[in-house]
Amino acid sequence: MTDSRVVSQATPLPPGTEAPDFELASTPDQKVSLSEFRGQPVILAFYPEDWSPVCSDQMALYQEVLPEFRKYGAELLGISVDGIWSHLAFAKDRNLHFPLLADFEPKGEVARAYQAYRDKEGTSERALFVIDANGIVRWSYVSPVGVNPGADGILRALENLGKEGTS
Amino acid sequence: MSTTQWEAVLTMPVAEDRDHIQGPPDAAVTLVQYGDYECPYCGEAYPIIKEVQARLGESLRFVFRNFPITTSHPHAERAAEAAESAAAQGRFWEMHDLLYENQKRLSDEALRAYAETLELDIELFEKEMAEHAHTERIHEDFMSGVRSGVNGTPTFYINGVRHDDSYETEVLLDALERAAAEER
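**Q** What is the right way to read the overall build of chain A from this model?
**A** Looking only at helices and strands, chain A has four helices and nine strands in total. When the helices and strands of chain A are listed from N to C terminus, the series reads β-β-β-α-β-α-β-α-β-β-β-β-α. Along the three orthogonal principal directions, the C-alpha set of chain A runs to about 40 × 40 × 30 Å. Here chain A, with 167 residues, has 47% of them falling under the buried criterion.

**Q** Looking at this structure, I do not really get the overall build of chain B. What am I missing?
**A** When its secondary structure is counted, chain B shows seven helices and five strands. In sequence order, the secondary structure elements of chain B are arranged as β-β-α-β-α-α-α-α-α-β-β-α. For 184 residues, the compact-globule estimate of 2.2 N^0.38 gives 16 Å, and chain B sits close to it at 16 Å. Taking the principal axes of the C-alpha coordinates as reference, chain B spans close to 50 × 35 × 30 Å. Taken over 184 residues, chain B has a buried fraction of 43%. Sequence separation of 24 or more characterises 77% of the internal contacts of chain B that already satisfy a separation of 6 or more.

**Q** How do you make sense of the packing of helix H2 (residues 76-88) of chain B against helix H5 (residues 122-131) of chain B when you look at a structure like this?
**A** For any two helices packed against each other, the geometry is given by the interaxial angle and the distance between the axes. All names here are of chain B. Contact geometry of H2 with H5 gives a least axis separation of 10 Å together with a crossing angle of 135°. The angle between H2 and H5 places the two elements in the oblique class. The two elements H2 and H5 cross, and the hand of that crossing is right-handed. Facing Glu81, Ala82, Ser85 and Ala88 of H2, the residues of H5 in contact are Phe125, Glu128 and Met129. Class assignment of the residues belonging to the contact of H2 with H5 gives a composition of four nonpolar, one polar and two charged.

**Q** Looking at this structure, how should I read the confidence of the model for chain A?
**A** Caution is warranted with low-pLDDT regions, since their predicted coordinates should not be read in detail. Of all residues in chain A, 92% have pLDDT values of 70 or greater, and the mean over the chain is 91. Note that pLDDT drops below 50 for residues 1-6 of chain A; the model gives that stretch 13 contacts with residues more than four away or on any other chain.

**Q** Teacher, can you tell me more about the nonpolar core here?
**A** Grouped together as the largest cluster of nonpolar side chains are 92 residues, with contacts concentrated most on Ile43, Leu44, Ala45, Phe46, Phe129 and Ile154 of chain A together with Ala79 of chain B. Ignoring anything within four residues of it in the chain, the contact list for Ala45 of chain A reads Tyr62, Leu76, Gly78, Ile79 and Leu128 of chain A.

**Q** Please explain the packing of H2 of chain B against helix H6 (residues 135-147) of chain B as it appears in this structure.
**A** All names here are of chain B. In the contact formed by H2 and H6, the axes pass within 9 Å of each other and the chain directions differ by 110°. If you check the angle between H2 and H6, you find them roughly perpendicular. Considering how the two elements wind past one another, H2 and H6 form a crossing that is right-handed. When H2 is examined against H6, the residues Glu77, Ala80, Glu81 and Glu84 are found in contact with a partner set consisting of Thr135, Arg137 and Ile138.

So, how was this worked out
Starting afresh in each chain, residues are numbered from 1 along the sequence in its written order. Think of it this way: whatever chain is written first is A, whatever ligand is written first is 1, and the rest follow in order. Selection of residues for local features in this predicted model requires a pLDDT of at least 70, selection of side-chain atom pairs for listing and counting requires 80 or more, and totals for whole chains, interfaces and linings are taken over all residues. Elements are defined by DSSP. Helices are runs of H or I of four residues or more, strands are runs of E of two residues or more, and each kind is numbered from the N terminus. Counts of 20 or more other C-beta atoms within 10 Å of a residue's own C-beta define buried residues, counts of 12 or fewer define exposed ones, and intermediate counts define partly exposed ones; C-beta atoms are placed from the backbone. All radius of gyration figures rest on C-alpha atoms, and the globule criterion is 2.2 Å times the number of residues raised to 0.38. The contact rule is simple: place each C-beta atom from the backbone, and if two of them lie within 7 Å, those residues are in contact. Interaxial angle, 0 to 180 degrees, is taken between N-to-C directions of lines fitted to C-alpha atoms, where a helix line uses only the stretch in contact. Under this scheme an angle from 65 to 115 degrees is roughly perpendicular, one under 35 degrees roughly parallel, and one over 145 degrees roughly antiparallel; angles in between are oblique. Crossings are sorted by hand: turned counterclockwise from the far helix by less than a right angle, the near helix makes the crossing left-handed, and turned clockwise it makes it right-handed. Side-chain classes follow a simple rule in which Ala, Val, Leu, Ile, Met, Phe, Trp, Tyr, Cys and Pro form the nonpolar group, Asp, Glu, Lys and Arg form the charged group, and the remainder, Gly included, forms the polar group. For every residue, the pLDDT score states the predictor's confidence, bounded by 0 at the bottom and 100 at the top. Any nonpolar core is a set of buried residues, restricted to Ala, Val, Leu, Ile, Met, Phe, Trp, Tyr and Cys, that join up through C-beta atoms within 7 Å.

Written as structure tokens, this is what we have:
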């Protein structure tokens, strides 16, 4: 009810799909690829931009809930189209201690591969993916851009991974 | 329009013997707030809640639960500990109010000064603060919030359902009155 604007949202890559691999910079001299986390669940949190108020709250919440994610052996990766220097300053300013990946060049390529790119705005959606230990998307969700989706959906998805005995 | 795929409802029911509560158990409407003592939006909500409580009187039950986001608010956890320590001495709400009225002064020294203002047993207060005696409860509040779909502070639940609208006085009052009417 907060958001009565008509929002056209992408349909994110659905559960059951193999998660497209990627390699993105997390610092000026470090790259992170999805495949290096094979064997453990991965949470991909696409967000539109560093610094915007909702993003900041969302990432602060995830930092706070990170120990709970870790209980499921899960790794958390934040992704936006911002460059690496913006990410570094943002992470430092907001006390974020998980990788923020720069989907910067070609811009939004990874977001597009996950069907979570907003062409008009040139940013990714606020989209969440939980990927299992075998690299399969098990849960995906796109939130209205102005709405912080919270962490509950992620925790439920991680719980369900355990129940289905795949991780 | 729903903002999530699932309905965000309170997963940990209000318990008279556990929660910090103002208002009668048989009130027509229960408002639960997940809050952070250092969060400026919670600071804005504080006088609004007071106003809403004054206007609704005995038909409202208000519950406060901790949701400190220490990543953004370095003093929030300690402030929550101070409030819980005051609660252990039966003075939760006085401390809660002092903290919101002094949001910019939440250092350990300031927290101790508030405990003195409230004439708490300082030795016990200091001991609990040093031992982090109440962190488990604070974390329990926090996780109950996460599991209920709290996505920032303050987040409100009216009769167990997340209030996704604004918390301006009139909007909140309206929502509370509607929920109260449904209960009758």
